[in-house]
Amino acid sequence: EVYLGEAEKVVNSLCPYCGVGCQTKIHVKDDKILKVDGRTGPANENRLCVKGRFGMDYARHPTRLTKPLIRRDDAPKSWDCEVDPANPYTHFRDATWEEALDRAAKGFLKIREAKGRLALAGFGSAKGSNEEAYLFQKLVRTAFKSNNVDHCTRLCHASSVAALMEGMNSGAVTAPFTDALKSDLIIIIGCRPGQNHPVAATYLKQAAKKGAKLVVMDPRKQQLTRHAWKHLQFKPGADVALLNAMIHTIIDEDLIDQQYIQANTDGYEEVAENAKGFSPEAMEELCGIDAETIREVARAYATAERSIIFWGMGVSQHVHGTDNVRSLISLAAITGQIGREGTGLHPLRGQNNVQGASDVGLIPMVYPDYKSVSDVETRNIFQDLWGMELDPERGLTVVEIINAIIADEINGMYVMGENPAMSDPDAKHAREALAKLDHLVVQEIFLTETAFHADVVLPASAFPEKSGTFTNTNRQVQMARPALNLPGDAKQDWWIIQELANRMGLNWTYSGPKDVYEEFRTVMASIKGISWDRLEREDAVTYPCDSEDEPGHAVIFGEGFPTANGRVKLVPTDLLPPAELPDEQFPMVLTTGRLLEHWHTGAMTRRASVLDTIEPEGQVHMHPKWMDEKDISPGEMVAVSTRRGAVQLKARADRDVTPGMIFIPFCFAEGPANFLTNPQLDPFGKIPEFKFCAAKVEKLKTD
Ligand code: SF4
C-alpha cells in the first residue's frame, strides 16, 4: 500500500533496524507513514539505507497483532506447529487484557510455587527501548526471582563482550565509526558493513576515498572490497592464525609501541611468547594468505599514525570467538592503536538497541552498567533499589535456557520481541523446547514462529509507536518518539511488563518511560550526565557522560582503562578449530548471516513491502564455478543438509563466496537456515558457531 499526500506531522525519531542508529524524520498522515527521511544525527548526517527509508510499513501490516490471544485447549503443540498468521483462530482465541494478563501471571506463579524460581526464564529484546529492556530484566530478577534472563546479544557479540570485559572491564566500542574519517588505516574483519551497517559503510568508503588504507579481512568478498587496499580472503575459521601471525610480525620486526605497552598493558610477555609459534610463514597455508601479504598488512597497521579495527559476527560467532577478540585487543594494545581519535576497537552492533539492552542489564551475569550479580556490594545497591533479596548466582544464557527446557529444568518462559524459533542454532531443537514448555507467554507485534508455540500472546508496540531511549553502536543514547498510534488493543511494552509484574505480587507505579529511565540513571554512572530532559532537547548524547554540561566521551581509554590497575589485560590465544569440520559426508562449509534488505529473523522486514519485493525468497548462495561443476543452475531448487537437518532452497550464483563454501541468510521462514546450524558454544561468551558448520548441497531429483 502506498500512501500519498502532504504530511500532517513530521516526527523526529530513529531507524528501528541496525546498530548504526540513524536519526529519522517520519512523515505521517491519517496515522500512516507517508515517507521517512534522514536527519542530521551524529551517526548518519541525513543518510539512510534502504531499510531505514523503505522499511517502516511493517507496523501497519494486515497480520499485525491487535488483540490478546489465548491458545485453545485442543490446539496441538509440537516443534513443527505452524499457524496461519492471517487466521490464527484455529489455534488461538481472542481474550481481554484482564484475562490474558491474569492467565500469563498465574501460569508463572504456579510454576514458581511448584517447581521453584529457577524453573522460569525470560528472553528480552534488543529491538525494544532501554526502558523496556530494564523493566524486563527487573521483572525476571524480582518476580521470577532468578537471573535467567538474556537476549540476542548472546547470539551476536557475547564473545566480543566477554573478551572486552576481561581485557578492559568495558564491553563497548572505544571510538565511534565516524572516527574512520580520521584514520590512516582501517581494518574490517568478519563484517559486511555494506549489507549490515550500510550507513556506517558510507563513512568507511569516504575514508578510503580520502586516502585511508582499507583492509578487508573476510572469507567472503563484499561490496567494500572494491574500495580496499588489500582483501585478505582467509580460510573460514582461521582468524586466530591470521591475527597471531600479524602480532608475530609486529613483535618480530620491532614495530611495537614499547612505551604504550609499559604504561598501559599487563600480559605482554605471555602474548609475545605465544606469538613466537605463529610466524606468517608457518601460518600461510592454514590462513590461505601468503606470508608476505600478512607481514605487509601487519607493518602498515602498526606503523600508521592512526589505525582502527571494526568487526562483526564473522569474528564473534565461532567457538573461538572470544579468542578472536582477545587477539584483536592484543593487536591494538601492543601498537598503541587505541585511546586516540582515529584509533581503537569497534565491534559493530547488529540491532538498534543491542548496546543499550546489554547496558541496562538484559544479560544473566550483570545488572545495569555491567555490575556483576555475584558482587555483594553491587547486589546490595540493587536490593535497596528494588526492595528485595536478589539471586547471587549468574543465570543461564540463551542456548543454555533452551537446553534446560529440554532437560525439564525450565518449564515457563516469558519472551518479549525475540524469535528463538528462527534465531537459535539448531532451530528444530529450539522449537522442540518451546513446544515442551508448560507455560509460554510471548509479547509480540506479529504471530512469529515463536509466538506460534505460545499459551498467551500479548499484542505489543511496534517501533514507530514507541517513546524511549535507544543506544547505538557508537554509545550514543538517542531519543525515539512515537509517530503512530497503537493499532486495535495493542499496548505499550512497558505497560504490559508492569501489569504482569503487579499481577505477580510487585507494586510498580511507573507512569511512562521517563520514570523508568530516571530510575536506572540513578545506578548507572555511565549515563549520569544524560537526563531524559536533556535527551528531549539534544536528541543524542554519547556515554560515558559525567555531567549535564559535558558532551560525553566519544573516544575512551586515552588515559588508562577502567580496570583495577588502569591497565588492559592481554591474553594469549591458541588455535582452536571449528567444532565441526567438513568431511566426506558433509564436504562444504556453511555460513549464515543477513542480507541488505532483510534484518534478523525477518519478522519486520519480510512484512515491509518494498524490502520483501526486492528479496522475496530464501536462497543458498554458491560460487558459480562450483555450481557449474555440480550441474546446478541459478534458480534451481536444491537440498541443503547438515547433521541437524535439511532445507530446500533456490540456488543463487554468488561470487562473494568461495567454491566449497555456501551462505544462507537466516531471515526466511520458508527455508530456515538455523535448522542447519551448529549449537556448539564458545566456552567464554556462550555464543553459538553460526559462522561455520559442515554441510552438503544436492540437486533435487526431478522424476
Ligand atoms: Fe537503519 Fe542501519 Fe540503515 Fe541506518 S544503516 S537506516 S540504522 S538499517
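Residues numbered from 1 in each chain as written. Predicted model: local features only at pLDDT ≥ 70, side-chain atom pairs only at ≥ 80, totals over all residues. Heavy atoms only, no water.

- Per an unreviewed UniProt entry, the protein chain goes by Formate dehydrogenase subunit alpha and derives from Hwanghaeella grinnelliae.
- Within the UniProt record for the protein chain, the comment given under Sequence similarities (unreviewed entry) is "In the C-terminal section; belongs to the prokaryotic molybdopterin-containing oxidoreductase family." (UniProt positions renumbered as here; feature names shortened; annotations may be inferred.)

**Description of the site of the ligand**
So, step 1. Taken together, Cys-15, Tyr-17, Cys-18, Val-20, Gly-21, Cys-22, Leu-48, Cys-49, Lys-51, Gly-52, Pro-198 and Val-199 make up the full set of residues adjacent to the ligand.
So, step 2. Taking a 2 Å distance to the grid points as the criterion, the majority of the atoms of the ligand fall inside the second largest cavity.
So, step 3. Here the residues of the shell around the ligand are counted per class, giving 9 nonpolar, 2 polar and 1 charged. (Near = heavy atom within 4 Å. 1 Å grid on protein atoms, 1.4 Å probe; cavity = no way out; pocket = protein on both sides within 12 Å on 5 of 7 lines; lining within 4 Å. Sits in = over half its atoms within 2 Å of the grid points. Nonpolar A, V, L, I, M, F, W, Y, C, P; charged D, E, K, R; others polar.)

**Quick word on the pattern of salt bridges**
So, step 1. For the structure shown, the criterion picks out 50 salt bridges.
So, step 2. Taking the shortest distance from any N to any O, the salt bridge between Arg-326 and Asp-323 comes out at 2.8 Å. Taken together, the positions of Arg-326 and Asp-323, both in helix α14 (residues 321–334) and 3 residues apart, correspond to about one turn of that helix.
So, step 3. Classification of Asp-323 by relative accessible area gives buried; the value is 13%.
So, step 4. Where Arg-537 meets Glu-548, a salt bridge forms, and the shortest distance between an N and an O atom there is 4.0 Å. Of this pair, Arg-537 sits in helix α22 (residues 532–538) while Glu-548 sits in the loop between β21 (540–542) and β22 (568–569), and the two are 11 residues apart along the sequence.
So, step 5. Residue classification places Arg-537 among the exposed residues on the basis of a relative accessible area of 59%.
So, step 6. Look at the salt bridges and you will find they share partners, linking Asp-252, Glu-253, Glu-281, Glu-292, Arg-295 and Arg-299 into a network. (Salt bridge = Lys/Arg side-chain N within 4 Å of Asp/Glu carboxyl O. Helix = DSSP H or I, 4+ residues; strand = E, 2+ residues; numbered from the N terminus. Buried < 20%, exposed > 50% of the residue type's maximum accessible area, 1.4 Å probe, protein only.)

**A closer look at a nonpolar patch on the surface**
So, step 1. Judged by side-chain polarity, Phe-54, Val-610 and Ile-614 come together as a nonpolar surface patch covering roughly 250 Å² of accessible area.
So, step 2. Positionally, Phe-54 belongs in helix α1 (residues 50–54).
So, step 3. Note on Phe-54: relative accessible area 43%, which makes it partly exposed. (Patch = residues over 30% accessible without salt bridge, like charges linked within 9 Å, V, L, I, M, F, W, Y side chains within 5 Å. Areas by Shrake-Rupley, 256 points an atom, 1.4 Å probe, with all protein chains shown as cover.)

**Thoughts on the environment of Phe-278**
So, step 1. Residue placement: Phe-278 occurs in the loop between α10 (268–275) and α11 (280–287).
So, step 2. Taking the C-alpha atoms as reference points, Phe-278 and Leu-242, separated by 36 residues in sequence, lie 8.5 Å from one another.
So, step 3. Once residues within four sequence positions are removed from consideration, Phe-278 is found in contact with Ala-241, Asn-244, Ala-245, His-248, Met-283, Thr-573, Asp-574 and Leu-575. (Contact = heavy atoms within 4.5 Å.)

**A short note on the packing of aromatic side chains**
So, step 1. All chains considered together, the criterion is met by 18 aromatic pairs.
So, step 2. Note on Tyr-17 and Trp-599: the rings are 5.3 Å apart at their centroids and 75° apart in plane angle, and the pair reads as edge-to-face. Taken together, the residues Tyr-17 in the loop between β1 (9–14) and β2 (23–29) and Trp-599 in the loop between β23 (588–593) and α23 (609–614) connect sequence positions 582 residues apart.
So, step 3. Residue classification places Trp-599 among the buried residues on the basis of a relative accessible area of 2%.
So, step 4. With a centroid separation of 5.1 Å and an interplanar angle of 40°, the aromatic rings of Phe-557 and Phe-561 are classed as tilted. (Phe/Tyr/Trp six-rings, centres within 6.5 Å; stacked < 30°, edge-to-face > 60°.)

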